[in-house]
Amino acid sequence: MEDLDEILAIENSTFSRPWSKDVFVRELQIPISRSLVARIQKDRRKEIAGYVTYWIIAGELEVHKICVREDLRKSGIASRLMTEMMRCSHREGAALCRLEVGRSNEGAKRLYEKYGFEVTDIRPHYYAESGEDAMILCADMKKCLQFIGKE
Ligand SMILES: CC(C)(COP(=O)(O)OP(=O)(O)OC[C@H]1O[C@@H](n2cnc3c(N)ncnc32)[C@H](O)[C@@H]1OP(=O)(O)O)[C@@H](O)C(=O)NCCC(=O)NCCS
């Protein structure tokens with residue numbers, strides 16, 4: 001809860017339809033919902049660099065959102081969040097990981113590809129605001145963890 005103001009600033013500057021504070025608060029109250037935050041040390045203060053929210057449901061990890069502060073992208077922060085999320089979810093018994101990504105989101109697609117995700121479905125014109133297709137990606141947790149083991 002104490003991270004929410006900083007997270008909302010990143011959220012609002014990133015997404016055209018950002019989650020509101022209420023949505024984050026509700027998310028934090030859902031028993032199957034998990035959130036991780038990445039921090040960087042800046043002078044004497046720790047600043048939020050990125051965050052991921054996901055659900056553990058029926059033996060599956062379902063990623064809802066991953067985001068890194070714009071000026072800190074391409075320095076491995078999302079990869080660190082993904083790795084930690086995979087490790088925590090595996091400990092909770094998740095065997096499969098599922099997520100969705102916009103077809104043109106090259107950064108996110110590259111990130112997921114690294115962890116062994118494969119396209120299992122396309123939802124045409126899924127995003128109302130852009131009309132863009134959504135790609136549904138899945139990964140076997142064992143495969144992800146093998147990749148993480150090599151990292
Ligand atoms: C997608 C996102 C989370 C990636 O975060 P990041 O911290 O920059 O990712 P990493 O630095 O861990 O990079 C992971 C891999 O993707 C690659 N990558 C990252 N951004 C990229 C881009 N824009 N284009 C191509 N490749 C990219 C990196 O080079 C790296 O690959 P490598 O290890 O082979 O070099 C970040 O760009 C972001 O917050 N985007 C806006 C929110 C979003 O679209 N979230 C996903 C849908 S909810």
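Residues numbered from 1 in each chain as written. Predicted model: local features only at pLDDT ≥ 70, side-chain atom pairs only at ≥ 80, totals over all residues. Heavy atoms only, no water.

Moving on: the packing of aromatic side chains. Under the criterion given, the structure shown has four aromatic pairs. With centroids separated by 6.1 Å and ring planes inclined at 75°, the aromatic side chains of Phe 24 and Tyr 51 adopt a geometry described as edge-to-face. Taken together, the residues span a long stretch of sequence, with Phe 24 in helix α2 (residues 21-29) and Tyr 51 in strand β2 (residues 45-57) at a distance of 27 residues. Connected via pairs of aromatic rings, a cluster forms that spans Trp 19, Phe 24 and Tyr 51. (Phe/Tyr/Trp six-rings, centres within 6.5 Å; stacked < 30°, edge-to-face > 60°. Helix = DSSP H or I, 4+ residues; strand = E, 2+ residues; numbered from the N terminus.)

This part is about the pairing of β2. Regular strands have side chains that alternate between both faces of the sheet. The sheet contact formed by strand β1 (residues 33-42) and β2 spans 10 bridges and is antiparallel. Residue pairing across strands places Gln 41 opposite Lys 46, the latter belonging to β2. In this structure, the hairpin formed by β1 and β2 is closed by a connection of two residues, where Asp 43 is found at a positive phi of approximately 50°. Pairing analysis gives eight bridges linking β2 to strand β3 (residues 60-68), with the strands arranged antiparallel. Among the inter-strand pairings, Trp 55 is bridged to a residue of β3, identified as Glu 62. Hairpin connection of β2 to β3: two residues between the antiparallel strands, including Ala 58 at a positive phi of 45°. (Pairing = 2+ DSSP bridges.)

Neighbouring the ligand are 19 residues; Lys 74, Gly 76, Ser 79, Asn 105 and Arg 110 lie closest to it. Backbone polar atom of Lys 74 to an oxygen atom of the ligand: 2.6 Å apart, as the coordinates give it. One of the backbone N or O atoms of Gly 76 is found 2.7 Å from an oxygen atom in the ligand. Out of a free accessible area of 910 Å², the ligand has 73% covered by protein chains. Here the ligand is seated within the largest pocket. Secondary-structure elements contributing two or more residues to the shell around the ligand are β3, α3 (77-91) and α4 (106-114). By residue number, the principal contributor to the shell around the ligand is α4, which donates six residues. (Near = heavy atom within 4 Å. Polar contact = N/O pair within 3.5 Å; in protein donor to acceptor, adjacent residues only side chain to side chain. Areas by Shrake-Rupley, 256 points an atom, 1.4 Å probe, with all protein chains shown as cover. 1 Å grid on protein atoms, 1.4 Å probe; cavity = no way out; pocket = protein on both sides within 12 Å on 5 of 7 lines; lining within 4 Å. Sits in = over half its atoms within 2 Å of the grid points.)

Fair warning: the whole summary comes from geometry, so function is off the table for now.
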